[in-house]
Amino acid sequence: MTITGTRAIAGQRGALALVLAPRAGATRTQARSAAAPLGAVNVGDVDGSGFAELRITNPGGGVLGGDRLAVEITLAPRARATVLTQGATRVYRGPEARQRTVLELGAEAVLEYLPHHVIPFAGSSYRQRTLIRVDSTATLIAWEAFAAGRVLSGERFEFDLLSSRTRILVDDVPVAIDGLELRGGGEPFEGCSYVGTLHVVAPGEADGLARTLAGVLDRVPGVLASASAPTARLCTARVLARRAPDLHLALRACREAAREHLGLPATR
């Protein structure tokens, strides 16, 4: 696998590119390029685990109609990082907005990509594409989550388009192509208001992890959930929830269980 770095999107409006690399026992930012409205805050090794924690920020508070956003994060060999967002991604009414995210993991790298859920407002149109390229010795824990709309304001499935597609490649061989394609109207979440998917890619067989996550999800109240190992290297969990706190409780419980199963340090 070839690590491309920040050159592909440097200088573009609405673009963020980061290269993270290990240095002095921790992971640091090696290269950075950002253009409004996207930015990132590196808060360092917050729990002593050797993971760099970065939070992607958007001072505008959301995605505007017509936005074209791009995020590219590269982990050099043996880098470890947790990437978060500042809060839920609000998608406002208007022409179709798009976000493209590319994540690349070098040899023995570990990445947690844990963005907050997307909230599509009434009349919004949003298309999200995520490509994750993983070295066969690297480890990935990644999730994505979506709301049915501004449910507390009485908006359910009143958006025009909500589209997401995630592709995960191990040594450039696809192991997962996943996503959703929804138009406004209907009740595709079985009466729930939030949906989330978590993917774990790691060396070794995934069956044991799938059984562990299934047991964890059985103990989370207020959700409909399952976990399976579609391929030898991939474990996938899916969650439907009526409330956002229940969704994130389930996703966080899976994250913690996955870290323990994979021998990664527990979060604090």
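Check the entry above for the structure.
Reading guide: rules and limits
- Residues numbered from 1 in each chain as written.
- Predicted model: local features only at pLDDT ≥ 70, side-chain atom pairs only at ≥ 80, totals over all residues.
- Heavy atoms only, no water.
- Helix = DSSP H or I, 4+ residues; strand = E, 2+ residues; numbered from the N terminus.
- Pairing = 2+ DSSP bridges.
- Axes fitted to C-alpha atoms, helices over the stretch in contact; angles between N-to-C directions.
- 1 Å grid on protein atoms, 1.4 Å probe; cavity = no way out; pocket = protein on both sides within 12 Å on 5 of 7 lines; lining within 4 Å.
- Points joined across faces, edges and corners; volume = space filled by probe spheres on them.
- Nonpolar A, V, L, I, M, F, W, Y, C, P; charged D, E, K, R; others polar.
- Expected span 1.5 Å × (residues − 1).
- Contact = heavy atoms within 4.5 Å.
- Phe/Tyr/Trp six-rings, centres within 6.5 Å; stacked < 30°, edge-to-face > 60°.
- Buried < 20%, exposed > 50% of the residue type's maximum accessible area, 1.4 Å probe, protein only.

Comments concerning the environment of Asn 42
Right, on to step 1. By secondary structure assignment, the location of Asn 42 is in strand β3 (residues 39-42).
Right, on to step 2. Through-space distance from the C-alpha of Asn 42 to that of Ala 31 is 12 Å; in sequence the pair is 11 residues apart.

A closer look at the sheet that holds strand β2 (residues 26-34)
Through backbone hydrogen bonds, the strands of a sheet pair up, either in parallel or in antiparallel fashion.
Right, on to step 1. Read from one edge of the open sheet, 7 strands run β2-β1-β5-β8-β11-β13-β14, paired in mixed fashion. Looking at which strands have only one partner, the edges of the open sheet turn out to be β2 and β14 (173-183). Adjacent strand axes in the sheet meet at a mean angle of 10° when their direction is disregarded.
Right, on to step 2. Both strand β1 (residues 15-23) and strand β5 (residues 68-75) contribute to a ladder of 6 bridges, which runs parallel. Paired with Val 19 across the two strands is Thr 74, which belongs to β5.

Examining the layout of surface pockets
Right, on to step 1. Reported here for the largest pocket is a volume of approximately 450 Å³.
Right, on to step 2. Thr 85, Thr 89, Gln 99, Tyr 113 and Pro 115 are, among the 32 residues lining the largest pocket, the residues nearest its centre.
Right, on to step 3. Elements that contribute at least two residues to the lining of the largest pocket include exactly β4 (52-57), β5, β7 (89-91), β8 (97-105), β11 (125-134), β12 (139-147) and β15 (194-201).
Right, on to step 4. Of the residues belonging to the lining of the largest pocket, the class tally is 14 nonpolar, 16 polar and 2 charged.

Remarks on helix α1 (residues 207-218)
Right, on to step 1. Helix length check: α1 (12 residues) gives 17 Å between terminal C-alpha atoms against 16 Å at 1.5 Å per residue, within 8%.
Right, on to step 2. Looking at the buried positions of α1, the neighbouring elements they touch are β15, β16 (223-231), β17 (234-241) and α2 (244-261).

A short note on the packing of aromatic side chains
Right, on to step 1. Here the structure, examined in full by the defined rule, presents 3 aromatic pairs.
Right, on to step 2. Ring geometry for Phe 157 versus Phe 159: centroids 6.0 Å apart, planes at 65°, classification edge-to-face.
Right, on to step 3. Measuring from centroid to centroid gives 5.1 Å for Phe 157 and Phe 189, while their planes differ by 80°, and the two rings are edge-to-face. Separated by 32 residues along the polypeptide, Phe 157 in the loop between β12 and β13 (161-170) and Phe 189 in the loop between β14 and β15 bring together distant segments of the chain. Across the pair, exposure class does not vary: Phe 157 and Phe 189 are buried alike.
Right, on to step 4. Each member of the aromatic cluster is reached from another via a ring pair, and the members are Phe 157, Phe 159 and Phe 189.

With respect to the pairing of strand β6 (residues 80-85)
Right, on to step 1. Among the 6 residues in β6, 5 count as buried, and that is most of the element.
Right, on to step 2. Of the strand pairs in this sheet, β4 and β6 are connected by 5 bridges, and their pairing is parallel. Within β6, the position partnered with Arg 55 by the bridge is Leu 84.
Right, on to step 3. Note: β6 against strand β9 (residues 110-114), 5 bridges, orientation parallel. Bridging across to β9, Arg 80 finds its partner in Val 110.

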